[in-house]
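The residues making up each chain are set out below.
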Amino acid sequence: MAGLLVLALAACEPRAPEEPPKAMPEPPQFLLETSTYDQLPGWREDKVAEALPALIRSCDRLLRAPDDREVGRGAVGGTVMDWRAPCAAIADFSGAGSDSGDDAFRNLVEQLFVPFKVMYGDKDTGLFTGYYEAELRGALFPGSGYDTPLYKRPNDLVTVDLRHFDKDLSGKRVAGRVQDGRLVPYHARDEIDNGVIDGANLELLWAADPIDVFFLHIQGSGKVLLPDGSTMRVGFDGSNGLPFVAIGRLLIDEGYVSRANASMQSIREWLRNNPDQATELMQRNPRYIFFRKIEGEGPIGAQGVALTPRRSLAIDPSFMPLGAPVFLDTTWPGSSASNPRPLRRLMVAQDTGSAIKGAVRGDFFWGAGDPALAEAGRMKQRGSYYLLLPKSVAARRATGS
């Protein structure tokens with residue numbers, strides 16, 4: 001009764017006016033700050049003509065679309081029409097390879113594009129990592145030590161581009177399989193490893209080393225050395241759509257590898273030295289990649305063009321437009337803040353990656369083989385970049401139209 005009396009008295013007391021709800025802080029904005037070429041660190045020193053083949057490939061891909069097709073989410077890169085004149089001028093350039101080729105191409109780029117510093121709120125720096133084209137041993141048939149399959153894309157894998165349902169979801173995709181009339185998540189890595197899709201005749205080939213296959217899944221493409229000495233290039237042909245879990249983060253968080261020494265090489269070494277734990281740890285990354293045979297040049301990036309070593313960059317397409325030139329300002333792998341070695345060059349945004357998320361975030365394509373692995377495996381550099389947009393797009397941005 002005493003408790004009820006207290007409650008009753010409290011109910012009779014005049015109530016203090018309610019405080020207005022606290023406003024939620026606005027999320028940081030993706031910003032493009034107009035710049036000049038004189039403000040691009042290292043712009044005059046870069047051998048910019050080395051990026052010409054990558055730009056030509058991207059232009060060719062861009063111009064296959066209708067004139068009114070938006071370039072990038074929210075038309076951040078304008079429309080295809082904005083790129084027709086710049087791409088034609090790039091295709092007609094004939095000075096590459098000459099002593100003055102870099103200066104001539106640099107002048108052409110300056111005539112065609114305006115640089116914008118990429119910002120996210122008040123931040124203009126982010127993380128830049130590296131990747132490479134993996135190499136591994138494999139065979140067309142199992143046995144003789146070739147026991148780990150590389151699977152082709154399953155027939156029941158459904159990929160949904162959400163922009164067709166909501167324009168605000170442009171750049172977002174989900175994958176799954178249809179079960180009882182509903183789209184449900186696709187099988188995870190551990191289920192696939194344990195045979196859930198065996199018997200579907202999906203084996204593209206068989207590899208000798210499951211750890212090499214795991215890293216091939218991370219890189220997305222690679223060269224397979226076959227027993228007869230020939231090679232087969234394989235490339236990304238879809239994923240199961242489940243989240244990517246970085247095994248390096250797991251090893252650091254659980255104390256197996258120190259943050260200071262974490263690299264692709266040290267992670268690979270740990271997995272080889274701890275086979276009893278390796279499988280379980282790898283399966284904690286549920287994302288699984290399916291492959292196809294690549295004919296001709298490669299590897300093929302998300303834009304659908306062959307990548308150019310040291311000139312192709314993977315970006316987050318939620319912010320940056322695929323196919324656009326980007327000037328990168330970072331440092332070489334292994335450089336320290338106290339002794340930086342600048343890595344500044346004209347790149348082309350031609351690829352994406354499940355771990356490449358954010359406005360100022362990139363993955364530098366180093367090429368194939370051990371030298372590329374050596375650089376890619378230890379690249380964890382801070383840096384910034386500039387997006388180069390056609391002058392027609394820059395003019396509209398200046399007038400707010």
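Residues numbered from 1 in each chain as written. Predicted model: local features only at pLDDT ≥ 70, side-chain atom pairs only at ≥ 80, totals over all residues. Heavy atoms only, no water.

### Quick word on the overall build of the chain
For step 1, the next point in the chain: Helix and strand counts for the chain come out as 11 helices and 16 strands.
For step 2, the next point in the chain: Projected onto its principal axes, the C-alpha coordinates of the chain cover approximately 95 × 65 × 50 Å.
For step 3, the next point in the chain: When the 401 residues of the chain are sorted by exposure, 48% land in the buried category.
For step 4, the next point in the chain: Put simply, of all contacts in the chain between residues at least 6 apart along the chain, 76% involve residues at least 24 apart. (Helix = DSSP H or I, 4+ residues; strand = E, 2+ residues; numbered from the N terminus. Buried < 20%, exposed > 50% of the residue type's maximum accessible area, 1.4 Å probe, protein only. Contact = heavy atoms within 4.5 Å.)

### Brief notes about the layout of surface pockets
In this approach the atoms are scanned with a rolling probe the size of a water molecule, which exposes any empty space left behind.
For step 1, the next point in the chain: Approximately 330 Å³ is the volume found for the second largest pocket.
For step 2, the next point in the chain: Looking at the second largest pocket, it is lined by 17 residues, and the ones nearest its centre are Thr-148, Asp-193, Pro-210, Gln-283 and Tyr-288.
For step 3, the next point in the chain: Within the residue set of the lining of the second largest pocket, elements represented by two or more residues are strand S4 (148-151), helix H5 (189-193), helix H6 (210-219) and helix H9 (275-283).
For step 4, the next point in the chain: Looking at the lining of the second largest pocket element by element, the count peaks at 4 residues for H6.
For step 5, the next point in the chain: Tallied by class, residues from the lining of the second largest pocket come to 8 nonpolar, 5 polar and 4 charged. (1 Å grid on protein atoms, 1.4 Å probe; cavity = no way out; pocket = protein on both sides within 12 Å on 5 of 7 lines; lining within 4 Å. Points joined across faces, edges and corners; volume = space filled by probe spheres on them. Nonpolar A, V, L, I, M, F, W, Y, C, P; charged D, E, K, R; others polar.)

### Observations concerning the nonpolar core
For step 1, the next point in the chain: Core analysis: the largest hydrophobic core is formed by 89 residues, its most contacted members being Phe-105, Val-234, Leu-271, Leu-346 and Tyr-385.
For step 2, the next point in the chain: Among the nonpolar cores identified, the runner-up in size contains 9 residues, and Leu-157, Ala-175, Leu-202 and Tyr-288 belong to it. (Core = buried A, V, L, I, M, F, W, Y, C linked by side-chain atoms within 4.5 Å.)

### A word on the side chain of Arg-106
For step 1, the next point in the chain: Inspection of the secondary structure assignment puts Arg-106 in helix H4 (residues 101-112).
For step 2, the next point in the chain: On the accessibility criterion, Arg-106 (4% relative accessible area) is buried.
For step 3, the next point in the chain: At a separation of 2.8 Å, a polar atom in the side chain of Arg-106 contacts the main-chain carbonyl oxygen of Trp-43.
For step 4, the next point in the chain: Apart from the residues within four sequence positions on either side, Arg-106 is in contact with Trp-43, Arg-44, Glu-45, Asp-46 and Val-48. (Polar contact = N/O pair within 3.5 Å; in protein donor to acceptor, adjacent residues only side chain to side chain.)

### Describing the sheet that holds strand S7 (residues 182-184)
For step 1, the next point in the chain: Sheet architecture is open: 3 strands sit in the order S5-S6-S7, paired in antiparallel fashion. Pairing within the sheet leaves two strands with one partner each, and these edge strands are strand S5 (158-161) and S7. Each neighbouring strand pair of the sheet contributes to a mean axis angle of 50°, computed without reference to strand direction.
For step 2, the next point in the chain: With 3 bridges connecting them, strand S6 (residues 173-179) and S7 associate as antiparallel partners. In the strand pairing of S7, Val-178 is matched with Leu-183. (Pairing = 2+ DSSP bridges. Axes fitted to C-alpha atoms, helices over the stretch in contact; angles between N-to-C directions.)

### Remarks on the environment of Pro-185
For step 1, the next point in the chain: Mapped onto the secondary structure, Pro-185 falls in the loop between S7 and H5.
For step 2, the next point in the chain: What makes Pro-185 exposed here is its relative accessible area of 56%.
For step 3, the next point in the chain: With 68 residues separating them in the primary sequence, Pro-185 and Asp-253 have C-alpha atoms 27 Å apart.
For step 4, the next point in the chain: Non-local contacts of Pro-185, meaning those with residues more than four positions away in its chain, are made with Ala-175, Gly-176, Arg-177 and Leu-242.

### What about the pattern of salt bridges?
For step 1, the next point in the chain: Under the criterion given, the structure shown has 21 salt bridges.
For step 2, the next point in the chain: Of the charged contacts in the structure, one is a salt bridge between Glu-297 and Arg-57, with a shortest N-O distance of 3.0 Å. A residue pair is termed long-range when its members are at least 10 positions apart, and Glu-297 in the loop between strand S11 (289-294) and strand S12 (312-314) and Arg-57 in helix H2 (residues 52-62) qualify at 240 residues.
For step 3, the next point in the chain: Of the residues examined, Glu-297 reaches a relative accessible area of 54% and is grouped as exposed. (Salt bridge = Lys/Arg side-chain N within 4 Å of Asp/Glu carboxyl O.)

### Considerations on unusual backbone geometry
For step 1, the next point in the chain: A cis amide bond links Gly-298 with the next residue in sequence, Pro-299, at an omega value of -5°.
For step 2, the next point in the chain: By the secondary structure assignment, Pro-299 is in the loop between S11 and S12.
For step 3, the next point in the chain: One non-glycine residue, Ser-144, lies in the positive phi region at around 55°.
For step 4, the next point in the chain: With respect to the helices, strands and loops of the structure, Ser-144 is situated in the loop between strand S3 (126-139) and S4.

### Quick notes on a nonpolar patch on the surface
For step 1, the next point in the chain: Residues Val-174, Val-178 and Leu-183 make up a contiguous nonpolar surface patch of roughly 240 Å² in combined accessible area.
For step 2, the next point in the chain: Within the element layout of this structure, Val-178 appears in strand S6. (Patch = residues over 30% accessible without salt bridge, like charges linked within 9 Å, V, L, I, M, F, W, Y side chains within 5 Å. Areas by Shrake-Rupley, 256 points an atom, 1.4 Å probe, with all protein chains shown as cover.)

### Quick look at the state of the cysteines
For step 1, the next point in the chain: This model, assessed by the stated rule, comprises 1 disulfide.
For step 2, the next point in the chain: Between the sulfur of Cys-59 and that of Cys-87 lies a disulfide, 2.1 Å long from S to S. Looking down the S-S bond of the Cys-59 and Cys-87 bridge, the torsion is -75°, so its handedness is left-handed. Of the two residues, Cys-59 is situated in helix H2 and Cys-87 in helix H3 (residues 80-92); the sequence distance between them amounts to 28 residues. By the burial criterion, Cys-59 is buried, and Cys-87 matches it. (Disulfide = S-S within 2.5 Å.)

### Re the packing of helix H8 (residues 264-273) against H9
Helix packing geometry: the angle between the two helix axes and the distance between the axes.
For step 1, the next point in the chain: Axis separation between H8 and H9 bottoms out at 6 Å; the angle between their running directions is 120°. The angle between the axes of H8 and H9 places the two elements in the oblique class. Counted together, Trp-270, Leu-271, Arg-272 and Asn-273 of H8 and Pro-275, Gln-277, Ala-278, Leu-281 and Met-282 of H9 form the full contact between these two elements.
For step 2, the next point in the chain: Here the contact of H8 with H9 is built from residues that sort into 6 nonpolar, 2 polar and 1 charged. (Parallel < 35°, antiparallel > 145°, perpendicular 65-115°, else oblique.)

### Description of the confidence of the model for the chain
For step 1, the next point in the chain: On average, residues of the chain score 89 in pLDDT, and 91% of them are at 70 or above.
For step 2, the next point in the chain: The low-confidence segment residues 1-24, where pLDDT is below 50, has 0 contacts with residues more than four positions distant or belonging to other chains. (pLDDT = per-residue confidence, 0-100.)

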